[in-house]
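Overview (structure and organization)
Residues per chain are reported as follows:
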Amino acid sequence: MKVVVSGGGTGGHIYPALSLINEIKKQDRDAEILYIGTEKGLESEIIPRENIPFQTIHITGFKRKLSFDNVKTIMRFLKGTTQVKKMLNAFQPDVVIGTGGYVCGPVVYAAAKMGIPAVIHEQNSVPGLTNKFLSRYVDRVAICFEEAGGFFPQEKVIFTGNPRASEVQNVDRRAGQQSLGLDPLKKTVLIVGGSRGARPINDAFLSVIEKFSEKPYQVVYVTGSVHYDAVAEAIKGKQPDNVIIKPFIHNMPDVLAAVDLIVARAGATTLAEVTALGLPSILIPSPYVTNNHQEKNARSLAENEAALVRKEQEMSGSALLEDIDTILTDETKWRSMRDAAKELGVPDAAERLYRVLTEAAR
Ligand SMILES: CC(=O)N[C@H]1[C@@H](OP(=O)(O)OP(=O)(O)OC[C@H]2O[C@@H](n3ccc(=O)[nH]c3=O)[C@H](O)[C@@H]2O)O[C@H](CO)[C@@H](O)[C@@H]1O
């Protein structure tokens, strides 16, 4: 099978695409893949690292407000579509899949217009503009939250879950511990602000960093690549021995297997990982996203008592510290959160999405 995969901007759209590609290769050794992204998105760093053929187009997202930029965006969309048609003509795929982000717009649209079977994968409980637009043209819309189904043509919707859930399964805890130099006898909390980092979480963390030295657990703190230098400068001379700071983690499945608690934004892909693993979490949804969708994502875990949800406006370093202590020192609470999270996981999501692709390709 020849598959064109597109998804871009942030890790939340790219890692599910990568997990799907791994599943395709597992099921079909002769499969050929072409990834279409943008130069500016994180995909231009992540995809070539994996030796996946990668081509780019130039495209920007729509502004929700009326603006002249939108006229330029439409021009780029049309130009992008023409560019993609040439790529598709040369590659001759059996099916095209978009996993979100505005780069998918011209890629999936061009495929549908050329009569190539097309699928989109929506990770969130509330879809973005691009996927709502594309749903009119594609053959199938794969979703991860039942609530998302209502936004799309009913006959096209199929629940698959997020393929990244499959990728984090059955990973050896020791690989993650060794990659970060963790003490295997201590519990570990991972603090991460989404694939691009989050300054408010960095600030809260920095305000209490010295207090971690008294704790019986260890901390892995991921700043986000753009914030790393500022954080490293701010902690000079006061970084406790049990706190490890990283700009970005490239082997997240290994690291997730090695941790006992995660403090994170509520991006849909992180939540798919957390539930597939049964990992207790403290979620601080980003209030800066479309339709406040991260809070809705997080709510589905909180309702099941799988996660504590804290609003960014109400979060402080000391409250964060107290939440971490509560979960890591109370074994009964930790276990009940773990079990509740696991109940929500869809560990076979990659295989389900692969099946949707092969059926569409036929
Ligand atoms: C600002 C924005 O629009 N955010 C969206 C983006 O989130 P964003 O990409 O930030 O967050 P997600 O939680 O969805 O995905 C992050 C992914 O990156 C990985 N990771 C993260 C940090 C790191 O150091 N290493 C690493 O590998 C995580 O394990 C995960 O696989 O896409 C999500 C899925 O559509 C949406 O829910 C989010 O609202």
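Residues numbered from 1 in each chain as written. Predicted model: local features only at pLDDT ≥ 70, side-chain atom pairs only at ≥ 80, totals over all residues. Heavy atoms only, no water.

Quick note on the threshold: UniProt positions are given in the numbering used here, feature names are shortened, and annotations may be inferred rather than shown by experiment.
In its Subcellular location (unreviewed entry) section, the UniProt record describing the chain reads: "Cell membrane". Of the comments in the UniProt record for the chain, the one headed Pathway (unreviewed entry) reads "Cell wall biogenesis; peptidoglycan biosynthesis."

**Quick notes on the site of the ligand**
Under the convention used in this document: Whether a residue is near a molecule or strand depends on its heavy atoms: if one lies within 4 Å, it is near. In protein, a polar contact requires one atom able to donate a hydrogen and another able to accept it; more generally it is a pair of N or O atoms within 3.5 Å, and residues adjacent in sequence count only if both atoms are side-chain atoms. Using a 1.4 Å probe, the Shrake-Rupley method yields the accessible areas, and only the shown protein chains count as cover for residues.
The environment of the ligand is made up of 24 residues, and the closest members are G12, N124, T270, E273 and H293. Between the ligand and G12, the relevant distance is 2.6 Å, taken from an oxygen atom to a main-chain nitrogen or oxygen of the residue. N124 is positioned such that a nitrogen or oxygen atom in its side chain is 2.6 Å from an oxygen atom of the ligand. The fraction of the free accessible surface of the ligand (760 Å²) that becomes covered by protein chains is 88%.

**A word on the layout of surface pockets**
As a reminder of what qualifies: Only protein atoms enter the 1 Å grid, on which a cavity is a set of points fitting a 1.4 Å probe that cannot get out and a pocket is an open set with protein on both sides within 12 Å along at least 5 of 7 lines, lining residues being those with an atom within 4 Å of a point. Grid points are joined across faces, edges and corners, and a volume is the space filled by probe spheres set on the points. Each helix is a run of H or I in the DSSP string that is no shorter than four residues. Each strand is a run of E no shorter than two, and both are numbered from the N terminus.
By volume, the second largest pocket amounts to about 270 Å³. In terms of lining, the second largest pocket is formed by 18 residues, of which the most central are C144, F145, T275, L344 and V346. Listing elements by their share of the lining of the second largest pocket, those giving two or more residues are α11 (268-277) and α12 (293-302). Among the elements that make up the lining of the second largest pocket, the one with the highest residue count is α11 (four residues).

**Quick look at the domain arrangement of the chain**
Rule in force here: Note that the domain bounds were set by an automatic or database domain assignment. Residue contacts are counted whenever heavy atoms from the two residues lie within 4.5 Å of one another. Two parts lose some accessible area (1.4 Å probe) when they are put together, and adding that loss for both gives the buried area. Salt bridges are defined as contacts in which a side-chain nitrogen from Lys or Arg sits within 4 Å of a carboxyl oxygen from Asp or Glu.
When its domains are assigned, the chain resolves into domain 1 (2-167 + 347-361) and domain 2 (170-344). Taking only C-alpha atoms, the centre of domain 1 and the centre of domain 2 are 28 Å apart. At the interface, 19 residues of domain 1 touch 19 residues of domain 2. Buried surface at the junction of domain 1 and domain 2, summed over both partners, amounts to about 1700 Å²; 55% is from carbon and sulfur atoms. Considering only the surface of domain 1 that becomes buried against domain 2, V126, F145 and R164 emerge as the three largest contributors, covering 28% of it. Where domain 1 packs against domain 2, one counts one salt bridge.

**Section: the sheet that holds strand β9 (residues 218-222)**
Worth spelling out the cut-off: For two strands to be treated as a pair, DSSP must find at least two bridges joining them. Only the stretch in contact is used when a helix axis is fitted, and all axes are lines through C-alpha atoms; the angle between N-to-C directions ranges over 0 to 180 degrees.
Here six strands make up an open sheet; going across it, the order is β10-β9-β8-β11-β12-β13 and the pairing parallel. A strand with exactly one partner marks an edge of an open sheet, and here the two such strands are β10 (243-246) and β13 (307-309). Sheet twist, expressed as the average angle between the axes of neighbouring strands with direction ignored, equals 15 degrees. One ladder, built from five bridges, connects strand β8 (residues 188-192) with β9; its direction is parallel. In the strand pairing of β9, I191 is matched with Y221.

**Here we look at a nonpolar patch on the surface**
What counts is decided by this rule: Within this analysis, patches are made of residues with over 30% relative accessible area and no salt bridge. Like charges are joined at 9 Å or less; nonpolar side chains (Val, Leu, Ile, Met, Phe, Trp, Tyr) at 5 Å or less. Summary of the burial criterion: residues with accessible area below 20% of their type's maximum are buried, those above 50% are exposed, and those between are partly exposed, where the area comes from a 1.4 Å probe applied to protein chains only.
Among the surface-exposed residues, F68, V71 and M75 lie close enough to one another that they form a single nonpolar patch of about 340 Å² accessible area. Within the secondary structure layout, M75 lies in helix α3 (residues 68-91). Overall, the relative accessible area of 55% leaves M75 in the exposed class.

**Details of the pairing of β10**
Within a regular beta strand, the side chains point alternately toward one face of the sheet and then the other, so they alternate between its two faces. The criterion, for reference: Seen with the strands pointing away from the viewer, any crossover whose path from the first strand over the helix to the second strand runs clockwise is right-handed.
Bridging between β9 and β10 involves four bridges; their strand directions are parallel. Within β10, the position partnered with Y221 by the bridge is I245. Tracing the backbone out of β9, into helix α9 (residues 228-234) and back to the parallel element β10 gives a crossover that is right-handed.

**A short note on the environment of S318**
Following the sequence through the fold, S318 ends up in helix α13 (residues 317-329). Sequence spacing of S318 and V208 is 110 residues, and the spatial spacing of their C-alpha atoms is 6.6 Å.

**Focus: the packing of helix α1 (residues 11-27) against helix α15 (residues 349-361)**
Spelled out, the test is: In these notes the angle categories are as follows: under 35 degrees is roughly parallel, over 145 is roughly antiparallel, 65 to 115 is roughly perpendicular, and the rest is oblique.
At a minimum axis distance of 9 Å, the contact between α1 and α15 shows a crossing angle of 70 degrees. One element, α1, and the other, α15, form an angle in the roughly perpendicular class. Note on element contacts: α15 touches α1 through A350, E351, L353, Y354 and L357, opposite L20, E23, I24 and Q27.

**Things to note about unusual backbone geometry**
You will see that N170, though not glycine, has its phi angle at about 50 degrees, which is positive. Structurally, N170 can be placed in the loop between α6 (164-167) and α7 (173-180). Residue N170 is classed as exposed on the basis of its relative accessible area of 81%. In this structure, E305 takes a positive phi of about 60 degrees despite not being glycine. For E305, the location among the structural elements is in the loop between α12 and β13.

**Description of the pairing of strand β6 (residues 140-143)**
One ladder, built from four bridges, connects strand β5 (residues 118-122) with β6; its direction is parallel. Looking across to β6, one finds that I120 is bridged to V141. In this fold, β5 hands off to helix α5 (residues 129-134), which returns the chain to β6; that crossover is right-handed. The sheet contact formed by β6 and strand β7 (residues 157-159) spans three bridges and is parallel. Bridge pairing in β7 links A142 to I158.

**Structural notes on the side chain of H293**
Looking at where H293 falls in the secondary structure, it is placed in helix α12. Filtering out sequence-adjacent residues up to four positions away, H293 remains in contact with N124, S125 and V126.

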